[in-house]
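Remarks on the overall topology
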Amino acid sequence: MAPAMSRKNRVWSRREIEGLIADGQKIIILGDQILKVDAWLPYHPGGDKSILHMVGRDATDEVTALHSKEAQTHMQKYIIGRVHGRWENFLPPIQGGVFRTLTSRDIDDEVLSAEDLTSSGGSTPPSVFDNDETRDEVRLRRAGNDTPISRVSSLSPSEPELGQFRSAEASTAHAISSDLSKYPLDKRSQAKIAKKYRQLDEKLQCEGLYDCPYGSYAVEFVRYSVLFTLFLTCLHHSYFALSGFFLGLLWHLLAFTVHDAGHLSITHEFHTDSCIGIFVADFLGGLSVGWWKRNHNVHHIVTNSPEHDPDIQHMPFFAISSRFFTSLRSSYYDRDMNLDAAARFFIKYQHYLYYPILLFGRFNLYRLAWSYLLDPAQAPRKGAAWWHRYLEMAGQVFFWYWYGYRTLYLSIPTWSSRIVFLLISHMVTASLHVQLTLSHFAMSSADLGTHESFAQKMVRTTMDVDCPPWLDFVHGGLNFQVVHHLFPRLPRHNLRWAQPYVKEFCHDVGIPYVVFGFTRGNKEVISRLGEVAEQLRVLEECRKVAAKDLVEGRHSH
């Protein structure tokens, strides 16, 4: 027992931790503890990507927000030591961070540093915890890649490509500058925000807002039953369009319960909530809650990051930032999001195509569900959740039996009626996709660097949608996205009660809390899409002029 305790109490320097990460080890910081989580990657129910985005970072707030007390206790087995002093985040390897391997000279220096620390009584943290990235460097962070601005000229791209890069770069620099004028980034302010955020979490727990109000789910069940009855009744009497409409509404409302179950905010018990989510998502809806968890956990950690957040990576159809013009590489899908001919067409008209494209959003979710379930590398292969994938597959078979065969094929006599039923039942759910994009598309997608606290990033990249309390069930809690992103495990029926506390927190720490009405929120999104579309049009015109001048210039010589 003593050697294990000694190992967990060993103090590691920043340079030593950098060396471990350079050797490919997955190291995260939790409080003052160092966790080596390589062995946990194939077991993590939320997939490996969310963990990889925490490598080299202080993940205290992210882990607390997204994991139960039981899960946090389980993580203690991966402790290999602790850090001394306030940790300064590295940029994780998955985000382009570069790490140096540990040399014999580094080891000698660390021994001397440890001796100096001991002689000083341990009152001053080692200098290796100082971050060498300045505020000015943060302002000039990469525009779509990790290439320093000073090296752009050495890459020798063509003139049109260089103009395209500079245009995206200038737009990104402007967005960062705009954010820095509204959101503090100094270490003292970020430490204060993190401290106040943790105090608020404790307050919400004391207020009982983490306790699920099961009576609210009884009301939800009544709504589900009414819609299900209307769906069957209309189907029986051959009102196929109406039947599809009521089924679409049922799917719309059920999606919110899947969201609750995915965050373990119903019973707070892993297998129980997971099975609720699988039953509703897979058996009743033909979607995959496992895919959703893998996707959604990453979204909650790197919210609105063009390179890393899959929830805003909708190329070739949508681009919410000119950074997409540089054909960014998605770390989630591990592929380039090319600005090809199709993307250029759709993006130039994306503010007109926004609603029409979202009408078909559910069909894409089927594709994503099956790509997840058929790829063993994506679903957990070990641990408590190993069997969830197989239960989901059974759910998919059941869904296509009752919906595809029993309902669509046997109960509807003609192909024209089948197509009408299919399209209406799916297009009605477009309101859910509008709701999902509404709270993020119009918000900041700028990268303010590794200093920014989890709480500020969530508030900066998310907005709430104001609506009357009696309409909350239509929005399913997604109208309180700021509150939800700060406290993902909070039951959705308690989000309205938590909102005043969050507004007070934002006012106290001096960061803007953004809330719009539903109509205004939609206008903001369309305005953002139109702005990016116009940037692409201007860029295309500049590229054509530059190409023409280049050709004419060559001819003149």
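Basis of the calculations
- Residues numbered from 1 in each chain as written.
- Predicted model: local features only at pLDDT ≥ 70, side-chain atom pairs only at ≥ 80, totals over all residues.
- Heavy atoms only, no water.
- Helix = DSSP H or I, 4+ residues; strand = E, 2+ residues; numbered from the N terminus.
- Polar contact = N/O pair within 3.5 Å; in protein donor to acceptor, adjacent residues only side chain to side chain.
- UniProt positions renumbered as here; feature names shortened; annotations may be inferred.
- Pairing = 2+ DSSP bridges.
- Axes fitted to C-alpha atoms, helices over the stretch in contact; angles between N-to-C directions.
- Contact = heavy atoms within 4.5 Å.
- Phe/Tyr/Trp six-rings, centres within 6.5 Å; stacked < 30°, edge-to-face > 60°.
- Buried < 20%, exposed > 50% of the residue type's maximum accessible area, 1.4 Å probe, protein only.
- Lys NZ or Arg CZ within 6 Å of the ring centre and 35° of its normal.
- Expected span 1.5 Å × (residues − 1).
- Salt bridge = Lys/Arg side-chain N within 4 Å of Asp/Glu carboxyl O.

1. Structural notes on the environment of Tyr366
Inspection of the secondary structure assignment puts Tyr366 in helix H16 (residues 361-373). Sequence-wise, Tyr366 and Gly285 are 81 residues apart; in three dimensions their C-alpha atoms are separated by 9.5 Å. Reaching out from Tyr366, the side chain makes a polar contact with the side chain of His426 at a distance of 2.7 Å.

2. A closer look at the UniProt feature "transmembrane region" (unreviewed entry) in the protein chain
What UniProt calls "transmembrane region" (unreviewed entry) maps, in this numbering, to residues 226-254 and 353-374. As annotated, residues 226-254 has a helix share of 90% and a strand share of 0%, and its two end C-alpha atoms lie 13 Å apart.

3. Side note on the sheet that holds strand S1 (residues 27-30)
Within a sheet, each strand pairs with its neighbour through backbone hydrogen bonds, oriented either parallel or antiparallel. The sheet built from three strands is open, its strands ordered S1-S2-S3 with antiparallel pairing. Edge positions in the open sheet fall to S1 and strand S3 (79-82), since each of these has one partner strand only. Going across the sheet, the axis of each strand differs from the next one's by a mean of 30°, ignoring polarity. Looking at chain direction, S1 and strand S2 (residues 33-36) are connected through four bridges and run antiparallel. Across the sheet, Ile29 pairs through a bridge with Ile34, a residue of S2. Strand contacts of helix H2 (residues 14-22): S1, S2 and S3, with the helix running at about 140° to S1, the strand carrying the most contacts.

4. Describing the packing of aromatic side chains
For the structure shown, the criterion picks out 35 aromatic pairs. Judged by centre distance (6.1 Å) and plane angle (45°), the rings of Trp40 and Tyr78 are tilted. With Trp40 in the loop between S2 and helix H3 (49-52) and Tyr78 in the loop between helix H5 (69-74) and S3, this residue pair connects regions lying 38 residues apart in the sequence. According to the relative accessible area criterion, Tyr78 is buried, its value standing at 12%. Three or more aromatic residues joined by ring pairs form one cluster here, namely Phe228, Phe231, Trp251, Phe360, Phe363, Tyr366, Phe399, Trp400, Trp402, Tyr403 and Phe421. Taking the ring centre of Tyr333 as reference, the NZ or CZ of Arg335 above it sits at 5.0 Å. Positioned above the aromatic ring of Tyr390, the side-chain terminus of Arg389 is 5.5 Å from the ring centre.

5. Describing helix H13 (residues 289-301)
Helix length check: H13, at 13 residues, gives a terminal C-alpha distance of 18 Å against a target of 18 Å (1.5 Å per residue), a fit within 8%. Burial analysis of H13 places 13 of its 13 residues in the buried class, the great majority of the element.

6. Considerations on the pattern of salt bridges
All told, the structure shown has 20 salt bridges when counted by the stated rule. Note that Arg344 is salt-bridged to Glu540, the shortest N-O span being 2.5 Å. A residue pair is termed long-range when its members are at least 10 positions apart, and Arg344 in helix H14 (residues 341-348) and Glu540 in helix H24 (residues 518-556) qualify at 196 residues. As far as the burial class goes, Arg344 and Glu540 line up, both buried. Two residues, Asp472 and Arg496, come together in a salt bridge whose shortest N-O distance is 2.8 Å.

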